[in-house]
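Below are the chains, spelled out letter by letter.
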Amino acid sequence: MSHAQQLTSRIRSIEPVGEYFHIVFEAPTIAEFVEPGHFVAVAVGGVGSGMLLRRAFSIHNATAGDSIEVIVAAHGQGTQWLTAVSAGTEVDIIAPLGKPFLLPTRPVGCVLVAGGYGAAPMGLLARELRDRGCEVEVILGAATQSRLFGVLELTRDADNVTVTTDDGTSGLRGRVTDALPDALARINGQAVYACGPMPMLKAVAEVSKAHGAFSQCAVEESMACGIGVCMTCVLPVVGDDGVTRMVRSCVEGPCFRGDRVRWDDVNTVPVDAFGAPVQGGH
Amino acid sequence: MSHAQQLTSRIRSIEPVGEYFHIVFEAPTIAEFVEPGHFVAVAVGGVGSGMLLRRAFSIHNATAGDSIEVIVAAHGQGTQWLTAVSAGTEVDIIAPLGKPFLLPTRPVGCVLVAGGYGAAPMGLLARELRDRGCEVEVILGAATQSRLFGVLELTRDADNVTVTTDDGTSGLRGRVTDALPDALARINGQAVYACGPMPMLKAVAEVSKAHGAFSQCAVEESMACGIGVCMTCVLPVVGDDGVTRMVRSCVEGPCFRGDRVRWDDVNTVPVDAFGAPVQGGH
Amino acid sequence: MSVDLSTSLGSLHLKSPTATASGCAAAGRELAQFGDVATLGAVVTKSIMLKPRSGRPTPRMAETPSGMLNSIGLQGPGIDSFLDKDLSWLTSNNVTTIVSIAGNNVAEFGQLARILRDVPGIGGLEVNISCPNVESRGQVFACNPVSASEVIDTVRAEWTSTAPILAKLSPDVTDIVEIAGSVINAGADGVSMINTLLGMVIDVDAMKPMLGGRTGGLSGPAIRPVAVRAVYQVHAAFPEVPILGMGGIRTGHDALEFIAAGASAVSIGTVVFGDPGAPWRIATELGNELEQRGYSSLREVVGLAHKN
Amino acid sequence: MSVDLSTSLGSLHLKSPTATASGCAAAGRELAQFGDVATLGAVVTKSIMLKPRSGRPTPRMAETPSGMLNSIGLQGPGIDSFLDKDLSWLTSNNVTTIVSIAGNNVAEFGQLARILRDVPGIGGLEVNISCPNVESRGQVFACNPVSASEVIDTVRAEWTSTAPILAKLSPDVTDIVEIAGSVINAGADGVSMINTLLGMVIDVDAMKPMLGGRTGGLSGPAIRPVAVRAVYQVHAAFPEVPILGMGGIRTGHDALEFIAAGASAVSIGTVVFGDPGAPWRIATELGNELEQRGYSSLREVVGLAHKN
Ligand SMILES: Cc1cc2nc3c(=O)[nH]c(=O)nc-3n(C[C@H](O)[C@H](O)[C@H](O)COP(=O)(O)OP(=O)(O)OC[C@H]3O[C@@H](n4cnc5c(N)ncnc54)[C@H](O)[C@@H]3O)c2cc1C
Ligand SMILES: Cc1cc2nc3c(=O)[nH]c(=O)nc-3n(C[C@H](O)[C@H](O)[C@H](O)COP(=O)(O)OP(=O)(O)OC[C@H]3O[C@@H](n4cnc5c(N)ncnc54)[C@H](O)[C@@H]3O)c2cc1C
Ligand SMILES: Cc1cc2nc3c(=O)[nH]c(=O)nc-3n(C[C@H](O)[C@H](O)[C@H](O)COP(=O)(O)O)c2cc1C
Ligand SMILES: Cc1cc2nc3c(=O)[nH]c(=O)nc-3n(C[C@H](O)[C@H](O)[C@H](O)COP(=O)(O)O)c2cc1C
Ligand code: FES
Ligand code: FES
């Protein structure tokens, strides 16, 4: 486990990219420890803020000794604040956090599947995989063209990029999973890496499994602490011993084996989970 | 009573002056209604702020059709926020608020006495009084030189300026009231205008009375609403009928007749006040 | 806007769902600079007592994170002056008015009801049995089901008008549903909730409580989750009883939470201090929130969160 | 720094006045990345139950203005695993540890006390009788003086260690002084307060409560004035009884409010989520606040706001 560092970071730049914002944080002591799939937790709101909790973002890029980068969708209050501050603003960040993607030890074909800003961690991952000799296919999906992220960058960093949009405004009309079997076939894919909304992750995990590929999914659960102390971010995951536990996605994830997450039971406590309430009281 | 307007104002500039900040708010529709002694209430904290209440500042200057200006001491969270934002930031303001200084109808000698940022409204007042043909003496005091405000400006706008500091770093060592009798004598002063901390106002009111001058004191009570609806900002004031009432300093003040405020009873409800608790229950 | 925002609190029809909260808009007049008070759902007046009252010593407020403490102590001119100066202004300006009353004892509540029952122009009565800013904690009627129902009983007995009686409840109780039940039994037509939570800030320089009254009432967005919970619980227990919901409402989205939890209308309190136009703005925003979600009226959403 | 920040909770000496709050630092290990856990006043562990417990369904949290709601539901590994993995880590790292326990019924509290009494390395026991995140409201022992004292009675009877028993109280009661009195009578050496306030957020898109557990516990700076008031009231009534104060402490200045109100030490909860270094930072800040005001020790300030 890499140690997370808390630090006051200067925002070097904020630039719009489609519907998102690309933010560069100065983080000289952090960047070298970042692996693909790590996230950063950013304090928002400044002096007198009513927002106590940090916002989590996948690390999009890390330049050793210098900076880390994220891709942010302006969603609620916190991200609205963060995407509206000016360059030069200082914010408190903690990184790297979470378990990164598990990387193959041998050079195998890998398919990277992302929905919307889920593409944020994929460049770092693609480059790492190619450094290890893996052939890399990427599938990027979104509801509509303006919500696609990373097409250009990944075209450079991967062997092939397929784009899908729900409304057909870019690439194929349809879902990322429609394109997954072909991509797997093209490179004899053994591993699938996914980041995006829960229903997408579930579908990717299923398609991967059906095609005999190992999958790693980066989940996005609501997090209060991001460092493993609060137990808000749990989801039901099957352990090596076959037992389902409510595990913390901030420290035991966000990257999980797709075949181990009980996707249909997310937001519930399955009756067979470790410590689940038993009939007739606890 | 002038109508207060609520408006989203762009901050045109923020400049340090000594220990204070001079802030210019664009307020084209408001400026023409400002009279000396009016205040503005500024919302602070921006998106997601935990600070609900506005901050009140005396209006330092108003340029019709254009802007209003204030002098702010960075004190707690809200003023720290306000003095740290960059020019161009939009903030919600309400002005003009409060009862302004009561002006003499004839050209009489006037002494303006201010402590620290209490000098903020004095330029506007001095110019108005001189327009009316009054001779104007000003006494500016502070704990130390860096907390003096407005010396240069008032040297231009008044007939004479006396400076006092507690530590003697500028002007006379001592209190503003030490200089008041002489100033009154010099111009045969009939009216005294004061703005500053409560103990100073009390002293000014007493000295004025002793010298047969009418005094107007702008008080600074903690305010939740600034518009007269909450009853937080009250202090005991004697009415024309001789009855003491707990009156709202935001709408019936902040400028009060110095001889009507019961200075020693501020922060209490005098037993003879209208509606005061009576022995043995209400 | 195509959404019907009209609503009612028992027999009182409201053209808009946002009212001012008692003590946060005086008697409406000062707000007239910021909007047409007659277009509000209602003005709920500052709680009025029989006699003039000077309130508690200052400081009377402290800003707290996303909230504030106040210890006003029900300063007011007494019922006679209120009728003469305040209610007459409201009536002559066609403002829907809910008069809030507070007594030092049960009998005073009855006297106030007797005085007010024949006064024209009163849309409803809010009975403030929950003000924490009184000299002794023992005076908070709403903290005890028996004394709460005594007050409402007495008011009900005097109140001959058809305008609804709303009992204003305190969140500072172990079981707010029990208190609600007791005032409903005693004849309240509806409940208003919540009043402030008892709180304190210490001035660590003077080393004593900051407020002149030592303790004060905590209000504002900080307490909103407590208020929503209270509304939800009471609506679950008494689905037919109209609720005037309040506690930290800042936006139309917040107001919608209260409506979905079971409030028929909402009062805007502390937020008015920072944004005097809030009662109007929030009504507009609430309309937009409903429209975006495909609702055509506010009424269909009252209590909807209980159905899912 | 020249200020003596050491303090005590009954027989437990604390080298620093800031502890972690139960449920907000797990069992301390994750915080070790941000500071030396052994230098904290204490780690108060997440409330542990007899059996493993999976907690409530997600979502388990909602951010609220200056606060948050949680409905974790006491997820934990059960006492055996706790002793094996968590307490052993704490002990071997020389961490002052206050173990928080929670039971489904009175007997379970007793069993937990019996298991823990002979385990070395336990500095104190915090008895969580106030968690709102349980299936039925009836289970909140701290809302009733009788059931509260039953729990403490039972724990006291089992507890042979000299380490203090702290009863953790809920603010969701009409009279917290009464509850404090009942647990003190039953043998608590001190009280911890406050636990969270019962609250709710509605998801107005799904039109149902946001949290999986419907209601949750409100914590953070939003509730600080309620917590300070509770500490002040209980210290006024029982000046000799040590109080571990908590509720929205974010800075040393906030901590000083609690100390002045009567707490001998403080726990840092929700603020740790946004600032994991907070328990250390706040101790330093508190030292500075005391120094600036000319105090030479924390002890001389405990309860000082009652003297003025
Ligand atoms: C591991 C991880 C990686 C993420 N990566 C990215 C990314 O690269 N780019 C990006 O735009 N977003 C990302 N998100 C989602 C991002 O954290 C949320 O959009 C953001 O927290 C919402 O904050 P807000 O202030 O806009 O919304 P609010 O509704 O104001 O947030 C309120 C609270 O809920 C939490 N919350 C709300 N929505 C989410 C969510 N979807 N996921 C987690 N917490 C949430 C917030 O953190 C905050 O504590 C990621 C989330 C996680 C957990
Ligand atoms: C009529 C009037 C005119 C004023 N003119 C000026 C001026 O020209 N320049 C200037 O620097 N200051 C002025 N003040 C004081 C200024 O309003 C406070 O310094 C400021 O509100 C403090 O806010 P804060 O966020 O720094 O402090 P915080 O302690 O965070 O404030 C918390 C709350 O208390 C209120 N408050 C705190 N201190 C004061 C105070 N001294 N007076 C009133 N409310 C207070 C705040 O408004 C806020 O609601 C004036 C106050 C009044 C009432
Ligand atoms: C300054 C102030 C004065 C108040 N005065 C009264 C009052 O006189 N009568 C009453 O029933 N409630 C009074 N309240 C409580 C409010 O009506 C409301 O119930 C409470 O503040 C919660 O709503 P809010 O968070 O929107 O302010 C007062 C609140 C504040 C902040
Ligand atoms: C996520 C979370 C989990 C909590 N779990 C527990 C718990 O297990 N036992 C307990 O006694 N209190 C628990 N609490 C309450 C805290 O210990 C504390 O009493 C309360 O949150 C107020 O302090 P704060 O505002 O500093 O968080 C929990 C609070 C939070 C936010
Ligand atoms: S977010 Fe707190 S444990 Fe994961
Ligand atoms: S500040 Fe609200 S009445 Fe004066």
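Residue positions within a chain follow its written sequence, with the count starting from 1. Naming scheme: in the order in which they are written, chains are lettered from A and ligands are numbered from 1. For this predicted model, a pLDDT threshold of at least 70 governs which residues receive local features, and a threshold of 80 or more governs which side-chain atom pairs are given and counted, while totals over whole chains, interfaces and linings are taken from all residues. Excluding hydrogens and water, the side-chain values take into account all heavy atoms of the structure.

**With respect to the overall build of chain A**
Along its length, chain A carries 5 helices and 16 strands. Rg of the C-alpha trace for chain A: 19 Å, near the compact-globule value of 19 Å for 282 residues, within the 12% margin. C-alpha extents for chain A along the principal axes are approximately 55 × 50 × 35 Å. Think of it in three bands: residues with accessible area under 20% of the maximum for their type are buried, residues over 50% are exposed, and the middle band is partly exposed, with areas taken using a 1.4 Å probe on protein chains only. Out of the 282 residues in chain A, the part that is buried amounts to 57%. Contacts were defined at the residue level, with two residues in contact if any of their heavy atoms lie within 4.5 Å. For chain A, long-range pairs separated by at least 24 residues make up 64% of all intrachain contacts whose partners lie at least 6 apart in sequence. The accessible surface values rely on the Shrake-Rupley method and a 1.4 Å probe; as for residues, cover is taken only from the protein chains in view. Total accessible area on chain A is roughly 11300 Å²; 50% of this is exposed by carbon and sulfur atoms. Strands are runs of DSSP state E lasting at least two residues, helices are runs of H or I lasting at least four, and both sets are numbered from the N terminus onward. Atoms counted for the radius of gyration: C-alpha only. Globule rule: 2.2 Å times the number of residues to the power 0.38.

**Quick notes on the overall build of chain C**
What chain C contains, in helices and strands, is 8 helices and 16 strands. In summary, chain C has a C-alpha radius of gyration of 18 Å against a globular reference of 19 Å for 308 residues, a match within 12%. The principal-axis extents of the C-alpha atoms in chain C amount to approximately 55 × 50 × 40 Å. Burial status across chain C gives 70% buried among its 308 residues. Expressed as a percentage of contacts within chain C between residues at least 6 apart in sequence, the contacts between residues at least 24 apart total 73%. Working note: accessible area of chain C is about 8900 Å², and carbon and sulfur atoms make up 49% of it. When charges are counted, Lys and Arg are positive and Asp and Glu negative, with His and the chain ends excluded. Lys charges are placed at NZ, Arg charges at CZ, Asp charges at CG and Glu charges at CD. In chain C, the 22 positive side-chain charges and the 28 negative ones have mean positions that sit 4 Å from each other.

**Some words on the sheet that holds strand β9 (residues 136-142) of chain B**
Residues and elements named next belong to chain B. On the basis of which strands lie adjacent, the open sheet formed by 7 strands has the order β11-β10-β9-β8-β12-β13-β16 and mixed pairing. Every interior strand has two partners, whereas the edge strands, β11 (172-173) and β16 (255-257), have only one. Only strands joined by at least two bridges in the DSSP assignment are considered to pair. Strand direction decides the pairing type here: strand β12 (residues 189-195) and strand β13 (residues 214-218), joined by 5 bridges, are parallel. The residue bridging Ala 194 from the neighbouring strand is Cys 217, located in β13. To get an axis, a line is fitted to the C-alpha atoms, and for a helix only the part in contact is used. The angle between two axes follows their N-to-C directions and goes from 0 to 180 degrees. In the packing of helix α5 (residues 198-210) onto the sheet, the strands contacted are β8 (109-115), β12 and β13, and the crossing angle to β12 comes to about 175°.

**Considering the pattern of salt bridges**
A pair is scored as a salt bridge if a Lys or Arg side-chain nitrogen falls within 4 Å of a carboxyl oxygen belonging to Asp or Glu. Across all of its chains, the model carries 64 salt bridges over all chains by this definition. Where C:Arg281 meets C:Asp275, a salt bridge forms, and the shortest distance between an N and an O atom there is 2.8 Å. C:Asp275 gets classed as buried once you look at its relative accessible area, which sits at 15%. When salt bridges with common partners are traced through the structure, they connect A:Arg10, A:Arg12, A:Glu26 and A:Asp66 into a single cluster.

**Describing the interface of chain B and chain C**
The interface of chain B with chain C comprises 35 residues on the first partner and 37 residues on the second. A simple way to read buried area is as the amount of 1.4 Å-probe accessible surface that goes missing from two parts once joined, with both sides added. Both sides together, the interface formed by chain B and chain C hides about 3000 Å², and carbon and sulfur atoms give 59% of it. Inspection of the chain B/chain C interface yields 2 salt bridges. As a salt-bridge pair, C:Glu63 and B:Arg55 come within 2.6 Å of each other at their nearest N and O atoms.

**Comments concerning the packing of aromatic side chains**
In this description, an aromatic ring pair is defined by two values, namely the gap between the centres and the angle between the planes. Residue and element names in this part refer to chain B. Two rings from Phe, Tyr or Trp (for Trp, the six-membered ring) form a pair when their centres are within 6.5 Å of each other. A pair whose planes differ by under 30 degrees is stacked, one over 60 is edge-to-face, and the rest are tilted. The tally for this structure, following the rule as stated, stands at 6 aromatic pairs over all chains. Arranged with centres 5.4 Å apart and planes meeting at 90°, the rings of Phe 101 and Tyr 193 form a pair that is edge-to-face. Of this pair, Phe 101 sits in the loop between β7 (90-97) and β8 while Tyr 193 sits in strand β12, and the two are 92 residues apart along the sequence. Residue Phe 101 is classed as buried on the basis of its relative accessible area, which comes to 4%.

**So, the site of ligand 3**
All names here are of chain C. Near is defined per residue: the residue qualifies when any heavy atom it owns lies within 4 Å of the molecule or strand. Close to ligand 3 lie 22 residues, the nearest being Ser 22, Ser 47, Gly 220, Gly 248 and Thr 270. Think of a polar contact as two N or O atoms within 3.5 Å of one another; within protein, one of them needs to be a possible hydrogen donor and the other a possible acceptor, and neighboring residues in sequence only count if both atoms come from side chains. Asn 128 has a polar side-chain atom sitting 3.1 Å from a nitrogen atom of ligand 3. A distance of 2.8 Å is found between an oxygen atom of ligand 3 and a backbone nitrogen or oxygen belonging to Ile 194. Alone, ligand 3 offers 600 Å² of accessible surface; in the complex the protein occludes 98% of this. Considering only residue class, the shell around ligand 3 consists of 7 nonpolar, 13 polar and 2 charged. Classification used: nonpolar for Ala, Val, Leu, Ile, Met, Phe, Trp, Tyr, Cys and Pro, charged for Asp, Glu, Lys and Arg, polar for all others including Gly.

**Points about the sheet that holds strand β1 (residues 5-17) of chain A**
Residues and elements named next belong to chain A. Across the sheet, which stays open at both edges, the 7 strands sit in the order β4-β3-β7-β1-β2-β6-β5 with antiparallel pairing between neighbours. Two strands lie at the open edges of the sheet, namely β4 (55-58) and β5 (61-63), each paired on one side alone. Ignoring which end each strand starts from, the neighbouring axes of this sheet average 35° apart.

**Looking at the interface of chain D and chain C**
On the side of chain C, 44 residues touch chain D, which itself brings 44 residues to the contact. Of all residues in chain D, the largest losses of buried area upon contact with chain C belong to D:Thr174, D:Met200 and D:Met207, amounting jointly to 18% of the total for that side. The interface formed by chain D and chain C holds 2 salt bridges in total. Across the salt bridge formed by D:Asp205 and C:Arg293, the nearest N and O atoms sit 2.8 Å from each other. Elements that contribute at least two residues to the side of chain D that touches chain C include exactly β11 (197-199), β13 (208-209), α5 (224-237) and α6 (252-261) of chain D. If you tally residues by element for the side of chain D that touches chain C, the top one is α5(D), at 7 residues. The residue makeup of the side of chain D that touches chain C, split by class, is 27 nonpolar, 8 polar and 9 charged.

**Describing unusual backbone geometry**
Backbone geometry follows two general trends: most residues other than glycine have a negative phi, and most peptide bonds adopt the trans configuration. Along the chain, A:Gly253 connects to A:Pro254 via a cis peptide bond; the corresponding omega equals 10°. Tracing the backbone shows A:Pro254 in the loop between β15 (244-248) and β16 (255-257). The phi dihedral of B:Asn188 is positive, around 50°, even though this residue is not glycine. With relative accessibility at 53%, the residue B:Asn188 sits in the exposed group. Of note, D:Asn94 is a non-glycine position whose phi angle comes to about 60°, a positive value.

**With respect to helix α1 (residues 79-92) of chain D**
Turn by turn, an α-helix covers 3.6 residues, leaving residues three or four places apart pointing in a common direction. Bend, in this description, refers to the angle at a residue between axes fitted to the seven residues ending there and the seven starting there. When the local axis directions of α1(D) are compared, the greatest deviation, roughly 30°, occurs at D:Asp86. Elements that come into contact with the buried residues of α1(D) comprise β4 (42-44), β7 (97-101) and α2 (106-117) of chain D.

**Overview of the site of ligand 4**
Residues and elements named next belong to chain D. Lining the immediate surroundings of ligand 4 are 22 residues, of which Ser 22, Ser 47, Gly 220, Gly 248 and Thr 270 lie closest. The contact in question runs from an oxygen atom of ligand 4 to an N or O atom on the backbone of Gly 220, over 2.8 Å. Within the contact set of ligand 4, an oxygen atom lies 3.1 Å away from a backbone nitrogen or oxygen of Gly 269. For ligand 4, whose accessible area on its own is 600 Å², the fraction buried by protein is 98%. The residue inventory of the shell around ligand 4, partitioned by class, reads 7 nonpolar, 13 polar and 2 charged.

**Side note on the relation of the copies chain D and chain C**
In the superposition of chain D on chain C (RMSD 0.0 Å, axial shift 0.0 Å), the rotation amounts to 180°. A rotation of that kind, with that shift, is consistent with a two-fold axis. Take the interface residues of chain D: 100% of them recur as interface residues in chain C, which is what a same-surface contact looks like. Copies are brought into register by a least-squares superposition over C-alpha atoms of residues with pLDDT of at least 70 in both.

**Looking at the domain arrangement of chain A**
Residues and elements named next belong to chain A. For each domain, the first and last residues come from an automatic or database assignment. Each assigned domain of chain A is listed with its residue range as follows: domain 1 (5-97) and domain 2 (109-265). Look at where the C-alpha atoms of domain 1 and domain 2 centre, and you get two points 22 Å apart. Facing 18 residues of domain 1, the contacting portion of domain 2 comprises 22 residues. A combined buried area of about 1700 Å² lies between domain 1 and domain 2, and 66% of that area is made up of carbon and sulfur atoms. A salt bridge links Glu 19 to Arg 147; the shortest N-O distance between them is 3.0 Å. Scanning the region where domain 1 abuts domain 2 turns up 6 residue pairs in polar contact (both at pLDDT 80 or more).

**Looking at the packing of helix α4 (residues 176-185) of chain C against helix α5 (residues 224-237) of chain C**
When two helices pack together, their arrangement is given by the angle between the helix axes and the distance between those axes. All names here are of chain C. Axis separation between α4 and α5 bottoms out at 9 Å; the angle between their running directions is 55°. By the criterion of interaxial angle, the relationship of α4 to α5 is oblique. The interaxial crossing formed by α4 with α5 has right-handed handedness. In contact with Ile 176, Val 177 and Ala 180 of α4, α5 contributes Arg 229, Ala 230, Gln 233, Val 234 and Ala 237. Class assignment for the residues of the contact of α4 with α5 results in 6 nonpolar, 1 polar and 1 charged. Any angle from 65 to 115 degrees is called roughly perpendicular, while one under 35 is roughly parallel, one over 145 is roughly antiparallel, and all others are oblique. It is the rotation of the near helix from the far one that decides the hand of a crossing: anticlockwise by less than a right angle makes it left-handed, clockwise makes it right-handed.

**So, α4(C)**
Residues and elements named next belong to chain C. Of all 10 residues making up α4, 7 are buried, and the element is well covered by its neighbours. Where α4 is concerned, the buried positions are Ile 176, Ile 179, Ala 180, Gly 181, Ser 182, Val 183 and Ile 184. On the buried face of α4, the contacting elements are α3 (145-158), β9 (165-168), β10 (190-193) and α5. Among the residues of α4, the N-terminal cap falls to Asp 175, whose side-chain oxygen and the backbone nitrogen of Val 177 are separated by 3.1 Å.

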